[in-house]
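Breakdown of the fold
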Amino acid sequence: MKKTMKKIISKIIVVIAILASTTLLSSCKEVFGVLDNVTNVDMFVEGKGVSNHAAKLELGSTLQLKCSGLVYEDSKISWKSENESIATVDANGLVTPVATGTVTIKASTQSEYVYQSGYVTVTVVGTSVTLGDPIDQALAD
């Protein structure tokens, strides 16, 4: 019984310490106007064909990305292509391939206390050609 009470009391002390530190940080922000305590949280970049942070995209097509797992649902997402000569991404997360290769597309958002980021690696491949009529087949031979 004494061990159980000690555990309960120690947990209560931890909670009080967390609440006190949060109050102190908020007070520092009000006094000094800055707060260097930003929490990093992962978010997920999703889209048709995205699996395990990777996707394949054919030249001539596009890929619409979106984010989930946001702390604040109304967060403004910033999108960035690490290599715009392979693929570009617009402000809405629409990826457009430029040339074959592999590129990382990053998404991020930051509020006062939370920074979130995620990524997807996109492999751009050439388009496949289907030879359908006899003229195309004759040209191929």
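Refer to the structure above for everything that follows.
So, here's what we can say about the structure. (Residues numbered from 1 in each chain as written. Predicted model: local features only at pLDDT ≥ 70, side-chain atom pairs only at ≥ 80, totals over all residues. Heavy atoms only, no water.)

1. Observations regarding the side chain of Gln116
Within the element layout of this structure, Gln116 appears in strand β10 (residues 114-125). For Gln116, the side chain forms a polar contact with the main-chain oxygen of Gly69, separated by 2.9 Å. In contact with Gln116, not counting residues within four places along its chain, are Val41, Asp42, Met43, Gly69, Leu70, Val71, Tyr72, Ala107, Ser108 and Thr109. (Helix = DSSP H or I, 4+ residues; strand = E, 2+ residues; numbered from the N terminus. Polar contact = N/O pair within 3.5 Å; in protein donor to acceptor, adjacent residues only side chain to side chain. Contact = heavy atoms within 4.5 Å.)

2. Topic: the sheet that holds strand β7 (residues 87-89)
Spatially, three strands are ordered β4-β8-β7 in an open sheet, and the strand pairing comes out antiparallel. The open sheet terminates on both sides in strands that have one partner only, identified here as β4 (63-64) and β7. Pairing geometry for β7 and strand β8 (residues 94-97), over three bridges, is antiparallel. Across the sheet, Val89 pairs through a bridge with Val95, a residue of β8. (Pairing = 2+ DSSP bridges.)

3. Observations regarding the pairing of strand β3 (residues 54-58)
Burial of the side chains of β3 is restricted to one face: Ala55 and Leu57 are buried, whereas none of Ala54, Lys56 and Glu58 on the reverse face is. Bridge count between β3 and β10: five bridges; the pairing is parallel. Looking across to β10, one finds that Lys56 is bridged to Thr123. (Buried < 20%, exposed > 50% of the residue type's maximum accessible area, 1.4 Å probe, protein only.)

4. Digging into the nonpolar core
Within soluble globular proteins, side chains that are nonpolar generally end up buried alongside one another. Membership of the largest hydrophobic core comes to 20 residues, with the highest contact counts inside it found for Leu65, Cys67, Trp79, Val95, Ile105 and Val122. Those elements giving two or more residues to this core turn out to be β3, β7, β9 (101-110) and β10. Setting aside residues no more than four positions away along its own chain, Trp79 makes contact with Val45, Leu65, Lys66, Cys67, Val89, Asp90, Ala91, Asn92, Gly93, Ile105, Lys106 and Ala107. (Core = buried A, V, L, I, M, F, W, Y, C linked by side-chain atoms within 4.5 Å.)

5. A word on the environment of His53
If you trace the backbone, His53 turns up in the loop between β2 (44-46) and β3. Linking His53 and Val120, residues 67 residues apart in sequence, is a C-alpha distance of 4.4 Å. Those residues within four positions of His53 in sequence are excluded, and the remaining contacts are Tyr119, Val120 and Thr121. Looking at His53, its side chain comes within polar contact range of the main-chain oxygen of Tyr119, at 3.1 Å.

6. Regarding unusual backbone geometry
Note: most peptide bonds trans; most residues except glycine with negative phi. In this structure, Asn52 is a non-glycine residue whose phi angle is positive, near 50°. Of note, Asn52 is situated in the loop between β2 and β3. Positive phi values are uncommon outside glycine, yet His53 reaches one of about 65°. By relative accessible area, which is 32% here, His53 ends up partly exposed.

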